[in-house]
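Architecture at a glance
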Amino acid sequence: MVNSSDKIRQLSITTLGKRTKLRFTAKGFEKYFTEDWKLGTAKLVHSRGKWFLHIGITKKTSDFNSKDNPQIVGIDRGLRFLATTFDSEGKTLFFDGQKILCKRKKFLEIRRQLQSKGTRSAKRKLKQLAQRENRWMTDVNHWLAKTLVAAYGSHTLFVLEDLTNVTFNTDDLPKSLRNNHRSWAFFQLESFLTYKAQAIQSIVAKVNPAFTSQRCPKCGLVEKANRHHETHEYWCVRCQYRCNDDRLGAMNIAALGQEWLSGVKHPKITKLTAIG
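**Re the overall build of the chain**
- For the chain, the count of helices and strands is five helices and 14 strands.
- In the chain, which comprises 276 residues, the proportion classed as buried is 35%.
- Of the contacts made within the chain by residues no fewer than 6 positions apart, 55% connect residues no fewer than 24 positions apart.
- Of the roughly 17,500 Å² of accessible surface on the chain, 52% is carried by carbon and sulfur atoms.

Next comes the structure, spelled out in structure tokens:
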């Protein structure tokens, strides 16, 4: 039982010996103790010398209505920019990933140093390092998903590339960054964005990533050579359209989202349902 009044914040937990009442802190989670949210099953967890109570919560929300003139946001995911968005108004947002890359490089350097030692202590520290890196990656993806939802609000169709069974081409990346490109938690971001979007009557759709970085959004020409990785620019040889290559990907992804809203039967598009 949770008592969350202004004067008393206590948890009443049934233990093997007796029912125990404990005070708790819930800074930043106050909104979940309102009538809008329904508390579910709780699990008591001991981690890093502290006790945490994990509580499942649910809330009823209206379904996304594709006929309610929603805005469309195409999202291109990557490493140089964690996300590049292009919306219905033609506006673009870039979420810089340079600091993320630097921190991941530090994790990689420490991991290699510990692996070279091969001692029991080093192996224990490797496990702790992996846990710390995973927690950090989770925080980054939560922040990014939350920021995207806050930036575009309700009645939004977020469109992502379907990265299932996709192998990234890392030949154009420095060797120090190739591991980052293979191991970043893109699917975790997808999961977080899905349930956060559904909470505000928005939805996430996935599209086939084929040619989204090679197709000219103006004349439709598909040409691999139009993308120049060294300058991060796309330059169409047919119509001379030029733009940032990450922005181009977001534009093409948004265009596929528009086809879905228009009722076009497109085999490349699938609706994404909430996970967990």
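**Here we look at the nonpolar core**
- The biggest cluster of nonpolar side chains holds 27 residues, and the ones touching the most others in it are I75, W136, L144, L148, F158, L193 and V204.
- Listed by contribution, the elements that provide at least two residues to this core are β6 (71-77), β7 (81-87), α1 (98-117), α2 (120-152), β9 (156-161) and α4 (186-198).
- The greatest single-element share of this core, amounting to 11 residues, is contributed by α2.
- If we skip the residues at most four places from it in the chain, I75 touches A83, T84, T85, L148, F158, V159, L160, E161, L193 and I253.
- Listed in part, the 21 residues of the second largest apolar core include F64, I72, L248 and L256.

**Some words on unusual backbone geometry**
- One non-glycine residue, H155, adopts positive backbone phi at about 55°.
- In this structure, H232 takes a positive phi of about 55° despite not being glycine.
- Structurally, the position occupied by H232 is in the loop between β11 (227-228) and β12 (233-235).

**Some thoughts on the pattern of salt bridges**
- Scanning the model with the defined rule gives 10 salt bridges in all.
- Taking the shortest distance from any N to any O, the salt bridge between K91 and E89 comes out at 3.5 Å.
- For K91, a relative accessible area of 53% translates into the label exposed.
- Here the salt bridges do not stand alone but share partners, grouping R77, D162, E190 and K206 into one network.

**Things to note about the pairing of β9**
- Among the six residues of β9, six are classified as buried, and the element is accordingly described as predominantly covered.
- Residue alternation in β9 divides its side chains into two sets, T156, F158 and L160 and L157, V159 and E161, and both sets are buried.
- The pairing of β6 with β9 spans four bridges and is parallel. Considered in β9, the bridge of Q71 is made with T156.
- As judged from the five bridges shared by β9 and strand β10 (residues 203-207), these two strands associate in the parallel manner. In the strand pairing of β10, V159 is matched with A205.

Rules behind the numbers
Residues numbered from 1 in each chain as written. Predicted model: local features only at pLDDT ≥ 70, side-chain atom pairs only at ≥ 80, totals over all residues. Heavy atoms only, no water. Helix = DSSP H or I, 4+ residues; strand = E, 2+ residues; numbered from the N terminus. Buried < 20%, exposed > 50% of the residue type's maximum accessible area, 1.4 Å probe, protein only. Contact = heavy atoms within 4.5 Å. Areas by Shrake-Rupley, 256 points an atom, 1.4 Å probe, with all protein chains shown as cover. Core = buried A, V, L, I, M, F, W, Y, C linked by side-chain atoms within 4.5 Å. Salt bridge = Lys/Arg side-chain N within 4 Å of Asp/Glu carboxyl O. Pairing = 2+ DSSP bridges.

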